[in-house]
Amino acid sequence: MATPAYCGGRFPVPPAFDFVLLPLKTKKVAVVSIIGSWDSLTCGSTSQLIENFLQKSVFSLPCGKSVIQGFYDCERQLIFLQFRDTEYLLDELLSNAKNSEDILTEWDMERLKYLYYLFLVSHFILIVSYGTNLDPRYVALFKLLNRIRTKLRHSVETLLRTLPLPRYCIAAGRIATPRLLFLFKLPPTISARKLAEVFIF
């Protein structure tokens, strides 16, 4: 089976290509990750937010079984990462009355590590939630990530010490401290109704 490669900026995580191929490696980049709900009404994913911003289809190539798909925009020096299992995690586990230990036992730990990985390397994390308030399941998600942070802190610090990073990164246990941005979206039917109310009144 062919190894997934860096192709026009698209790549799976973990990447399986020679980093020598990357353009503009000497410049700093900003990592923007997206975690969010699948839009069941429009059959669209959060990756459409990236594609609308870039005005091109950047995730048209399949990523196989990769939990995270990425795109490197070398012109803007931006790396976009999308966690693809958010909805499954929220619906199947966090919507049930289970504590974090139960979830850590039942859920695929490798996938949870991928999710936690985004909080270690991202400068910005965009969290998409439908409605006018934050989905309470995300609160449970953040508590779960905190438990994972506690379990993996020593392993992460050991790994970071092998990399050419500033001391503050090693002390913080992460490459970057992400800023969380929340995007609240209304379903299209509700948006259309509210827009009609504006024009009527």
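Residues numbered from 1 in each chain as written. Predicted model: local features only at pLDDT ≥ 70, side-chain atom pairs only at ≥ 80, totals over all residues. Heavy atoms only, no water.

- As recorded in an unreviewed UniProt entry, the chain goes by the name Nonsense-mediated mRNA decay factor SMG8, listed as coming from Schistocephalus solidus.

### Digging into the environment of F80
Phase 1 of the analysis: Relative to the helices and strands, F80 resides in strand β4 (residues 78–83).
Phase 2 of the analysis: With relative accessibility at 6%, the residue F80 sits in the buried group.
Phase 3 of the analysis: A C-alpha to C-alpha distance of 9.5 Å links F80 and R10, two positions 70 residues apart in sequence.
Phase 4 of the analysis: The residues touching F80, leaving out its near neighbours within four places in the chain, are V32, I50, F53, L54, Q69, G70, F71 and D73. (Helix = DSSP H or I, 4+ residues; strand = E, 2+ residues; numbered from the N terminus. Buried < 20%, exposed > 50% of the residue type's maximum accessible area, 1.4 Å probe, protein only. Contact = heavy atoms within 4.5 Å.)

### Here's the deal with the sheet that holds β4
Phase 1 of the analysis: The strand order across the open sheet built from 6 strands is β1-β3-β4-β2-β5-β6, with neighbouring strands paired in mixed fashion. Lying at the two open borders of the sheet, with one neighbouring strand each, are β1 (10–13) and β6 (179–185). Recorded for the sheet is a direction-independent mean angle of 25° between the axes of neighbouring strands.
Phase 2 of the analysis: Here 4 bridges tie β1 to strand β3 (residues 68–73), and the two strands are oriented antiparallel to one another. Looking at the pairing, V13 lines up with I68 of β3.
Phase 3 of the analysis: The sheet strands contacting helix α1 (residues 47–54) are β2 (30–36), β3, β4, β5 (124–130) and β6, and the helix crosses β4 at an angle near 155°.
Phase 4 of the analysis: Strands β2, β5 and β6 of the sheet are contacted by helix α5 (residues 136–160), whose axis makes an angle of about 145° with β5. (Pairing = 2+ DSSP bridges. Axes fitted to C-alpha atoms, helices over the stretch in contact; angles between N-to-C directions.)

### What to know about the nonpolar core
Phase 1 of the analysis: Counting residues in hydrophobic clusters, the biggest one holds 30 residues, and the most contacted among them are I35, L81, F83, L115, Y116, L145 and I148.
Phase 2 of the analysis: Sorting the residues of this core by element identifies β1, β2, β3, β4, α2 (86–94), α4 (109–121), β5 and α5 as the ones contributing at least two each.
Phase 3 of the analysis: With 8 residues, α5 is the single largest residue contributor to this core.
Phase 4 of the analysis: For L81, the residues in contact, after removing those within four places along its chain, are F11, V13, V31, V32, S33, I34, I68, Q69, G70, Y117, L118 and V121.
Phase 5 of the analysis: Grouped together as the second largest cluster of nonpolar side chains are 11 residues, I34, I50, V58 and F71 included. (Core = buried A, V, L, I, M, F, W, Y, C linked by side-chain atoms within 4.5 Å.)

### Some details on unusual backbone geometry
Phase 1 of the analysis: Positive phi is not limited to glycine here, since Q77 has a value of about 55°.
Phase 2 of the analysis: Mapped onto the fold, Q77 is located in the loop between β3 and β4.
Phase 3 of the analysis: When its relative accessible area of 11% is taken as the criterion, Q77 is described as buried.

### Focus: a nonpolar patch on the surface
Phase 1 of the analysis: A cluster of nonpolar side chains, contributed by L134, V139, L180, F182 and F184, occupies part of the molecular surface with about 380 Å² of accessible area.
Phase 2 of the analysis: With 3 residues, the top contributor of residues to the nonpolar patch is β6.
Phase 3 of the analysis: The residue L180 is located in strand β6 in this model. (Patch = residues over 30% accessible without salt bridge, like charges linked within 9 Å, V, L, I, M, F, W, Y side chains within 5 Å. Areas by Shrake-Rupley, 256 points an atom, 1.4 Å probe, with all protein chains shown as cover. Salt bridge = Lys/Arg side-chain N within 4 Å of Asp/Glu carboxyl O.)

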